Amino acid sequence: MALSEDLDFSAFVKPEPDGGRLDLLVQNARCAACLSKIEQAARSAPGVSAARLNLTNKKLTVTFAPSRSDAGAVVAALERAGFPAVPYDPGQAQAEHDREGRRLILAMAVAAFGAMNAMMFSVPIWAGLFGQELGPATRTVMMWLSGAVGAPCALFAGMPFFRSAWRSLRAGRANMDVPISIGVLMTLGISFSETVLGGRDAYFDAAVSLLFLLLIGRWLDHQLRAKARSAAGDLLALQAATATVIKGGELAVRPVADVKPGELLLVRSGERIPVDCEVESGASELDNSLLTGETRTVRAVRGTVCRAGALNLSGVIQVRALAASEDSALARIARLVEAGAQAKSKYVRLADKAAAIYVPVVHTAAAATFAVGWMVGLGPREALIRAVAVLIVTCPCALGLAVPAVQVTASARLFRKGLLVKSGAALERLAEVDHVILDKTGVITEGRPRLIDADPTRLAQAAPLARATRHPLARTLADAAGAGPAAEAVRERAGQGVEGWIGDRKARLGRAAFVGAATEATRETELWFAFDGETPTRFRFSDRLRPDAGQAVAGLKARGLTVEIVSGDVAGPVAEAAAATGVETWRAGATPQDKAAVVEAHAAAGRKVLMIGDGLNDAAALAKAHAAMAPGTALEASQNAADLVFSGEGLFAVVEAIDMARSARRRALENFRFATLYNLVAAPAAMLGLVNPFVAALAMSGSSLAVTLNALRTGVQR
Amino acid sequence: MTILLFLAPFSVGLGLLAVGAFWWTLRADQYDDPVGDAARILLSDSDDRPT
């Protein structure tokens, strides 16, 4: 079991000036007790100078003393303490992202400070608006003070918006940040000129509190993406993209990306083939279901060429790498995924669609206010104040907050149900789908073999042998039999089976020929068992349907979606799965290109396709589809291609996700309608000169509060 | 009213102090592990320095 002791994880230690650093993901760290146990276990390993666990993201950072780093010993010590750990690469992107988050928080803190302190000087001014005794001289002093605090804060807090607006203008587009920036800068400008001229209207507090509210929305959106990204990273780290390299008789674990062609690798049962390779010695069976969708296993002996991503089922095999990771079949699919992701980034988000209507309308209204005001004899100064008042009261803070608040609420609720949403745009796309394409293996079915129709007495007899081995099928058998004693004097024969003593009788469990049964070709995966000299019994394994697959399909249909199965498996099992779940349209034997072509054909017919798949053969289709989902058991490339990842047993999560996405869309549109209604009242009022700084402050915070409260209703069942 | 000349900068200074303190907590990684920090006060061999 404790293999890590002999393994060399040194490739994961990052060199630092004083020693080295190792980042590990400890998935089952939960409480204060775990925290001290884990840190103590790590510190007890030789050469470790410090270990610190972050309980929030379950990352353990181990620092080594100079020239002494034994990463394998740390992993082994943690494993002995009952906390399996996997090497984790936080990556450059993560650090970049964190900096962006900090910048937003700091901008928010400055905006909060500016809003409060500018408001402190604004309150006397507001009081003066209602006929209290405030002389023009005192009012001007207050306006100066308000400006001295508010303006620098607004300029600092507005930087994220100014920068984004500038970028978008240079790209020849206008996003939501353009009107925000223009509004803020014009407000500051007019407030200054009013202060200098001894006027009545200074909106310093409005400008900075507007930025504060917008930054909340911006930060929520950022948090949503950061959280999804780190959760997605954890899932992938658990799949451990590592390879065990044999060099001069020593075993070393390395990131898959570092494996060179020609190197000898060791692949144990239950591990995935890391790169395209040829079997050098040993024998085993390979499960290609994630690559091709086929559930039938393939026998691998010396000379067999294996493709990266295939699962090694039984024996330990030594393989010679034929290609580097970036040239493997796996990487070619990953590139397809990237191409698809680029296409998806062209998707116009709801808020940007709203901005496209909002920007010209509001700016025309403001310009018209100025022009008409001047024409009817208000004078340029008063006309300009009214035009700016229009910009302020119609500020897009309700819009800027409306969508992020809804999406954060929806994602948090989905996250609690085990569904990971990668971005807000993913939810928006999911709400629009009208056709669902399901993969069979791993989506409609559980994607791993289950024991079927076993004789309980024979199962109990075979169980002791099954418990003594790590072969995946035998583990399934042992799980089905429950706890009990294990066989003794067990010997494993690679690619054949196990032999051992149960009580005083010798028994064998494994392939038909090994156990002594007449081989017959079957579709199912199977194991044979016999006591020495007796007739062998067959245990059959089959990939079972997810328990709620039929219910999920019915749920999708009830929501007006059409459902189709496109699988790489042969016709028989696909037809069975389709019949069992009530899907009328199905296609078997589809290659990855076929799957992508099916998605494209639907898209060309104007349909919005949701693709759900787990295999590499689905990755291209996932990337091409309007929205994509993958189970947590899917391969890295497929998870990267998917917008949503669902963990857990149930397929009904898909229906729940669609419901949530639709609910989020409804709330977002409601918020837009509310914002429109508010603007229809506020804009004319501003044009008529009825808005003063006090009214502007009230209206702005009031509308933001209303949309936020409405957002919290997302996903609440009526 | 001359008291304003003292009170106004004083109150703004207090506010700046709060922003500065917040900026310091942010720089000192105090929001990186809220769950772990809450758990650490329960441990007897106290270790309160974030790394």
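Residues numbered from 1 in each chain as written. Chains lettered and ligands numbered in written order. Predicted model: local features only at pLDDT ≥ 70, side-chain atom pairs only at ≥ 80, totals over all residues. Heavy atoms only, no water.

A. Focus on the side chain of Arg139 of chain A. Residues and elements named next belong to chain A. Turning to its location among the elements, Arg139 is positioned in helix 4 (residues 136-157). No salt bridge is formed by the buried Arg139; the nearest opposite charge belongs to Glu194, separated by 7.8 Å. In terms of polar contacts, Arg139 uses its side chain to reach the backbone carbonyl oxygen of Gly199, at 3.5 Å. Residue contacts for Arg139: discarding those within four places in its chain leaves Ile125, Leu134, Gly198, Gly199 and Arg200. (Helix = DSSP H or I, 4+ residues; strand = E, 2+ residues; numbered from the N terminus. Buried < 20%, exposed > 50% of the residue type's maximum accessible area, 1.4 Å probe, protein only. Lys, Arg positive; Asp, Glu negative; His and termini not counted. Salt bridge = Lys/Arg side-chain N within 4 Å of Asp/Glu carboxyl O. Polar contact = N/O pair within 3.5 Å; in protein donor to acceptor, adjacent residues only side chain to side chain. Contact = heavy atoms within 4.5 Å.)

B. Geometry of the pairing of strand 9 (residues 277-281) of chain A. Where strand 9 of chain A lies against strand 12 (residues 305-306) of chain A, two bridges are found, and the strand directions are antiparallel. From the neighbouring strand, Cys277 of chain A faces strand 12 of chain A, where its bridge partner is Cys306 of chain A. (Pairing = 2+ DSSP bridges.)

C. The interface of chain B and chain A, seen in detail. The interface of chain B with chain A comprises 28 residues on the first partner and 24 residues on the second. The contact between chain B and chain A buries some 2000 Å² in all, and 66% of this surface belongs to carbon and sulfur atoms. Note that Glu39 of chain A is salt-bridged to Arg40 of chain B, the shortest N-O span being 2.9 Å. Of all the elements in the fold, those that place two or more residues in the side of chain B that touches chain A are helix 1 (3-27) and helix 2 (34-40) of chain B. For the side of chain B that touches chain A, the element with the highest residue contribution is helix 1 of chain B, accounting for eleven residues. Taken together, the residues of the side of chain B that touches chain A sort by class into 15 nonpolar, four polar and nine charged. (Buried area = accessible area lost by both parts, 1.4 Å probe. Nonpolar A, V, L, I, M, F, W, Y, C, P; charged D, E, K, R; others polar.)

D. Spatial organisation of the pairing of strand 2 (residues 19-26) of chain A. Residue and element names in this part refer to chain A. Within strand 2, seven of the eight residues are buried, which leaves it mostly tucked inside the rest of the structure. By the bridge criterion, three bridges tie strand 1 (residues 14-16) to strand 2 in an arrangement that is antiparallel. If you follow Glu16 over to strand 2, its bridge partner there is Gly19. The sheet contact formed by strand 2 and strand 4 (residues 59-64) spans six bridges and is antiparallel. Looking at the pairing, Leu24 lines up with Leu60 of strand 4.

E. Region of the structure containing helix 5 (residues 159-170) of chain A. Residues and elements named next belong to chain A. With twelve residues, helix 5 should reach 16 Å at 1.5 Å per residue; the first-to-last C-alpha distance of 16 Å fits that figure. Turning to helix 5, its buried residues number three or more, namely Phe161, Phe162, Ser164, Ala165 and Ser168. Within two residues after helix 5, Gly172 carries a phi angle of roughly 80°, on the positive side. (Expected span 1.5 Å × (residues − 1).)

F. Structural detail: the sheet that holds strand 23 (residues 562-566) of chain A. All names here are of chain A. If you trace the seven strands from one edge of the open sheet to the other, you get 15-27-26-25-16-23-24, paired in mixed fashion. Of all strands in the sheet, those with a lone pairing partner are strand 15 (419-421) and strand 24 (585-587), marking the two edges. Put simply, the sheet's adjacent strands are angled 20° from each other on average, direction ignored. Looking at chain direction, strand 26 (residues 627-631) and strand 27 (residues 644-646) are connected through three bridges and run parallel. Looking at the pairing, Pro631 lines up with Phe646 of strand 27. (Axes fitted to C-alpha atoms, helices over the stretch in contact; angles between N-to-C directions.)

G. Molecular detail of the packing of helix 5 of chain A against helix 6 (residues 177-196) of chain A. All names here are of chain A. Axis separation between helix 5 and helix 6 bottoms out at 8 Å; the angle between their running directions is 125°. The angle between helix 5 and helix 6 places the two elements in the oblique class. Crossing of helix 5 over helix 6 shows left-handed handedness. In contact with Phe161, Phe162, Ser164, Ala165, Ser168 and Leu169 of helix 5, helix 6 contributes Asp177, Val178, Ile180, Ser181, Val184 and Leu185. The class makeup of the residues in the contact of helix 5 with helix 6 is eight nonpolar, three polar and one charged. (Parallel < 35°, antiparallel > 145°, perpendicular 65-115°, else oblique. Left-handed = near helix turned anticlockwise from the far one by under 90°.)

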